[in-house]
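A closer look at the structure
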Amino acid sequence: MDEPQHECGIAAIYHLESEHPSRLTPSPGPEHVSRLMPRMLLDLQNRGQLAAGFTTFLPGRDRILETYKQLGTVIEAFRLNRREKCESIQQEYAGRAAIGHVRYATCGANDKSYAQPFERVHGRRWKWFSFAFNGQLANFAELKAALLAQSDYHLTRDTDTEVILHYLAQEMRGDERPDLVELFRRVSQKFDGAYNIVFLNAMGDMVVLRDPLGFRPLCYAHDGPLFAAASESVALLNLGFRDIRSLEPGEMVLIQDNRIRFERYAPRRAPAHCFFEWIYFANVASTLDHRSVYLTRAALGKELAKQERMLGKVPLDEDTIVVPVPDTGKAAADAMAFELGLRSVEGLMRNRYVGRTFIEGENRADRARIKYTPLHEVLCDKRVLLIEDTIVRSTTLKSLLHHLRERGGAREIHVRVACPPIVAPCFYGIDMSTVRELFAPRFLRGLRPTEAEQRAMAEELGADSLFYLPLEAVARCIGLDPGHLCQACLTGRYPTPAGERLYQLALRHRDGGSTARTYEAAAADHVAAARS
């Protein structure tokens, strides 16, 4: 509802040389397998709508690697609604291999130069490469400062993507063609944070890599000589792949010399999968690390139903209805309603055609009126259990509750949140980087909200009551050990050293009244330290 945004989605596809093409190959043949990339990116559109692009590989043409990227959604960037324009792009950028990206920015500007993939052109083919990544480097400020401390270094963009590009390029210095497994092993020792990477060079070598803690999901599949990978399984499922698996944290796929290898580039350690992927970000049709997103959200709804019976605050009769906030709250709402014997109804309709226009730059409260329409015929004089996936900043939810009463005619509104309170920022790829912007910390003294604290929150929002999902329910619903999940935004306990340092900085800036984003503050601190 508060619409926390995610840093990007990635995809890769490669048709190896073979006498027997994959059944999934586009009709023009393996040299045009890049035509599948826009379709894959469409299924990752939930992960970013600011820009989309791809790099393709085709030996024999003058530019062995070709990169195309534009601002906008996948449909806008690839002109999918204009047949002739789209076909022209597909012809010009045809290739037997491609990497792709959809972008949402948690750092860096919203212009085309920040769109991915990033390509580095070089006269030696193994030094000519393109890459895209999903996540965020928590130690970006330190890495940037270390680069700039070297003589004659200059960064043209304030983004961790460019920092990664330079560190990869540094590992390719000299005249010896590097071992790509060793190359990524070395850079992984410098990076702290979330970084799933797809990499393609002019030799035709491809790398698909998941960071050592597996913060973000990464799935892969192959059909005969056709290999594909994507941030979510749905992008592979809808192409027709059958046996879809998750890449292990610290593992990489290397396609080289017309064969596929799986290599471990980082030591095994306990993973830190982002719990938010299952409860909010991922497409409900996806399966991530062998856990269904839909079934997880349904389990969250069952937990809410169990809690509702224990609370006994709301009569469970024919005047009470369960209403999800579209779209991510629906699975939880349906499951909760079923368990309680209530009706789950769509009392709120979302305008799916607004898209990410200039409207996104307007006040969050204004967007609630534009994006959501309360149905008076459904809500009027009803007692509403409103199921929200999470509360981050609360501004949009507060406005929505007002519209549910004024326009929808709801008699009572009881907010139930299928997530514990967000109490700390994320430094691994979600756009909430300060404590001051968060709703819950203003009310809480601990991690488990008391009834009095939740009553105060409900009053602030304009709800008749508010209750959150208990913290321990998250891992139980996902079906993973709590020690294998990153729940830093729920607990303030970060799985990496740089994340912990940024959190302490965020706390100091909150107490000092600063409004700067934590990444900006960290960069300023490093500049000041360098000057001193």
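Here the residue index of a chain counts from 1 through its sequence in written order. Where local features are concerned, this predicted model is filtered to residues with pLDDT of at least 70; where side-chain atom pairs are given and counted, the filter is 80 or more; whole-chain, interface and lining totals use all residues. To get the side-chain values, all heavy atoms of the structure are used, and hydrogens and water are removed first.

1. Brief notes about the sheet that holds strand β7 (residues 193-201)
The pairing criterion for strands is at least two bridges between them, as found by DSSP. A run of H or I in DSSP becomes a helix once it reaches four residues, and a run of E becomes a strand once it reaches two; helices and strands are each numbered from the N terminus. In space, the six strands of this open sheet follow the order β5-β6-β7-β8-β12-β13, with antiparallel pairing throughout. Of all strands in the sheet, those with a lone pairing partner are β5 (118-120) and β13 (259-264), marking the two edges. Strand-to-strand twist across the sheet, computed as the mean angle between neighbouring axes with direction ignored, equals 20°. Strand direction decides the pairing type here: strand β6 (residues 129-137) and β7, joined by nine bridges, are antiparallel. Paired with Asn134 across the strands is Asn196, a residue of β7. By definition in these notes, contact holds between two residues if any of their heavy atoms fall within 4.5 Å. Axis angles are defined between N-to-C directions and span 0 to 180 degrees, where every axis is a line fitted to C-alpha atoms and, for a helix, only to the segment in contact. Strand contacts of helix α5 (residues 160-170): β5, β6 and β7, with the helix running at about 130° to β6, the strand carrying the most contacts.

2. Re the packing of aromatic side chains
Aromatic pairs are defined between Phe, Tyr and Trp rings, using the six-membered ring for Trp, whenever the two ring centres lie within 6.5 Å; interplanar angles under 30 degrees are classed as stacked, those over 60 as edge-to-face, and all others as tilted. Scanning the model with the defined rule gives 22 aromatic pairs in all. Centre to centre, the rings of Phe54 and Phe78 are 5.0 Å apart; their planes meet at 85°, and the pair counts as edge-to-face. On the criterion of sequence distance, the pair formed by Phe54 in strand β2 (residues 51-57) and Phe78 in the loop between α2 (74-77) and α3 (83-92) is long-range, its members being 24 residues apart. The cut-offs for exposure are 20% and 50% of the maximum accessible area for each residue type, with area from a 1.4 Å probe on protein chains only; residues under the lower value are buried, those over the upper are exposed, and the others partly exposed. Overall, the relative accessible area of 1% leaves Phe78 in the buried class. Three or more aromatic residues joined by ring pairs make a cluster, and in this case those are Phe118, Phe129, Phe131, Phe184 and Phe199. Charges are assigned to positions over rings by a cutoff of 6 Å between ring centre and Lys NZ or Arg CZ, combined with an angular limit of 35 degrees from the ring normal. Above the ring of Phe118, the side-chain terminus of Arg157 is found at 4.2 Å from the ring centroid.

3. Some remarks on the packing of helix α9 (residues 293-311) against helix α10 (residues 330-340)
Interaxial distance between α9 and α10 falls to 7 Å at its minimum, and their mutual angle equals 45°. With respect to their mutual orientation, α9 and α10 come out oblique. You can see that α9 and α10 cross each other, and the crossing is right-handed. Across the interface between the two elements, Tyr294, Arg297, Ala298, Gly301, Lys302, Leu304, Ala305, Glu308 and Arg309 of α9 pack against Ala331, Ala332, Ala335, Met336, Glu339 and Leu340 of α10. In this classification, Asp, Glu, Lys and Arg are treated as charged, Ala, Val, Leu, Ile, Met, Phe, Trp, Tyr, Cys and Pro as nonpolar, and every other residue, Gly included, as polar. Broken down by class, the residue content of the contact of α9 with α10 amounts to nine nonpolar, one polar and five charged. For classification purposes, angles smaller than 35 degrees are called roughly parallel, those larger than 145 roughly antiparallel, those between 65 and 115 roughly perpendicular, and all remaining angles oblique. Crossing handedness: left-handed means the near helix sits turned counterclockwise from the far one by under a right angle, and right-handed means the same turn made clockwise.

4. Re the side chain of Thr434
Position of Thr434 among the secondary structure elements: in the loop between β22 (412-417) and α14 (451-461). Side-chain polar atoms of Thr434 contact the side chain of Glu437, separated by 2.7 Å. Here a polar contact is taken to be a pair of N or O atoms separated by no more than 3.5 Å, where protein atoms must pair a possible hydrogen donor with a possible acceptor and residues adjacent in sequence count only if both atoms sit in side chains.

5. Some remarks on the pairing of strand β9 (residues 219-223)
For β9, the buried fraction is high: four of the five residues fall into the buried class. Here β9 runs beside strand β10 (residues 226-230); their pairing, made up of five bridges, is antiparallel. Bridge pairing in β10 places Cys219 opposite Ala230. In sequence, β9 turns back onto β10 through a hairpin of two residues, with Gly224 there showing a positive phi of about 60°. The sheet contact formed by β9 and strand β11 (residues 245-246) spans two bridges and is antiparallel. Its bridge partner lying in β11, Cys219 is registered against Ser246.

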